[in-house]
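# A structural walkthrough
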Amino acid sequence: MTATFNRKAIQAAAGYLYLVATPASVVATTPATIVKELLENFYVDGTICGALKAGIVPWKVLDANGLNATIKQTPVKVKTNDGPDETIGYEDVSFDGDTTVLDVDVQVFKDLLSAVSAHVLETVASATQAGRDTLLGGGQRNVTTYLGLYRYESREFPGEFRNVLIPAIVFNLDGASPMNKAKARELKVKFTAQDSGLLYDPITNKPVIWIEDYVTAAKAA
C-alpha cells in the first residue's frame with residue numbers, strides 16, 4: 001500500500017538542533033530498541049519522546065533556513081537495447097546539507113573544528129582581568145562525530161514533536177563569515193550524515209544514517 005492523502009502533514013519545520021557526542025556503542029540489539037536508546041540521549045523516555053533530559057539544551061542559534069538537508073538517492077542505471085535507461089537499484093542514499101550559525105563564539109568554533117581543550121586558552125576573570133576564551137584555529141585535522149536531533153512541533157498533533165535523528169553527523173566550515181558593519185557575524189556550515197557503527201538496516205545490513213520519527217496519533221483519552 002502506498003502513502004495516503006494527509007493535508008495536516010503539510011507543515012513548516014521550525015525547530016532546534018541538539019547535539020551530544022555519538023556513543024561508542026549501544027546496549028540494545030534490535031532496530032527499535034537501538035533507536036529508543038539513541039533517543040534517550042536527549043529524551044527522558046525514547047518511546048514517549050516528550051520531556052527532554054536535564055541539561056539538554058539547543059545547540060546554537062540557526063538562521064531562518066534552519067537545518068537545510070539534502071536527501072539524495074544515487075541510482076544505478078543500465079542501458080537497454082530497446083528502450084530508455086532503466087533504474088535497477090540505488091548505489092546509496094545520502095543525507096547532508098548546510099546550516100548557518102548566528103551566535104558565533106569560541107565554543108562553536110571548537111565544536112565545528114573538532115578542536116580539543118588544548119586548542120582553547122581560557123583566562124579566568126579577576127578584579128583586573130575579564131574572562132576570555134582564545135581559540136587556536138587552523139591546526140585541526142581530526143573529526144568529531146556527533147549524535148544529532150532536530151526536533152520540531154507537529155502541526156497535526158499539537159504538543160507532540162517530530163524528530164529527525166542523525167546517529168553520526170560531521171560538520172565542516174565552508175563559506176563566508178562576514179566581519180563588517182552591515183551584517184551580523186555568522187558561520188556557514190556543511191554537514192554530512194555517515195555510518196555511526198551503531199545501527200544497520202535489518203534487510204540490507206547497510207548503515208542507517210538518519211531516522212525520521214513522526215507522531216501518528218494523539219494520546220488515548
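The structure under discussion appears in the preceding block.
Residues numbered from 1 in each chain as written. Predicted model: local features only at pLDDT ≥ 70, side-chain atom pairs only at ≥ 80, totals over all residues. Heavy atoms only, no water.

## What about the environment of Ile203?
On the secondary structure map, Ile203 appears in the loop between β8 (187-193) and β9 (211-213). Look at Ile203 and you get exposed, because its relative accessible area is 76%. Each C-alpha atom, one on Ile203 and one on Asp103, is 42 Å from the other, the two residues being 100 residues apart in sequence. (Helix = DSSP H or I, 4+ residues; strand = E, 2+ residues; numbered from the N terminus. Buried < 20%, exposed > 50% of the residue type's maximum accessible area, 1.4 Å probe, protein only.)

## Some details on the nonpolar core
Counting residues in hydrophobic clusters, the biggest one holds 22 residues, and the most contacted among them are Leu17, Trp59 and Phe171. Where this core is concerned, the elements lending two or more residues are β1 (15-21), β3 (86-101), α2 (106-113), β6 (146-153), β7 (161-173) and β8. Here Phe171 is in contact with Leu17, Leu19, Leu112, Tyr146, Val189, Lys190 and Phe191, once residues within four sequence places are set aside. Among the nonpolar cores identified, the runner-up in size contains 18 residues, and Tyr18, Phe42, Leu147 and Val208 belong to it. (Core = buried A, V, L, I, M, F, W, Y, C linked by side-chain atoms within 4.5 Å. Contact = heavy atoms within 4.5 Å.)

## Quick word on the environment of Ser154
As for its placement among the helices and strands, Ser154 is situated in the loop between β6 and β7. Assessed through its relative accessible area of 4%, Ser154 is described here as buried. C-alpha separation for the pair Ser154 and Lys8, spaced 146 residues apart in sequence, amounts to 9.3 Å. Setting aside chain neighbours within four positions, we find Ser154 in contact with Gln11, Glu160, Phe161, Arg162 and Val215. A polar side-chain atom of Ser154 sits 3.0 Å from the main-chain amide nitrogen of Phe157. (Polar contact = N/O pair within 3.5 Å; in protein donor to acceptor, adjacent residues only side chain to side chain.)

## Remarks on the packing of aromatic side chains
Within this structure, the stated rule accounts for 5 aromatic pairs. Consider the rings of Phe95 and Trp210, whose centres lie 4.8 Å apart with planes at 25 degrees: the pair is stacked. Here Trp210 lies in the loop between β8 and β9 and Phe95 lies in strand β3, a separation of 115 residues in the sequence. Using a relative accessible area of 3% as the deciding quantity, one classes Phe95 as buried. Judged by relative accessible area, Trp210 falls into the partly exposed class, the value being 21%. Taking 6.0 Å as the distance between ring centres and 50 degrees as the angle between the ring planes, the aromatic pair formed by Tyr146 and Phe171 counts as tilted. (Phe/Tyr/Trp six-rings, centres within 6.5 Å; stacked < 30°, edge-to-face > 60°.)

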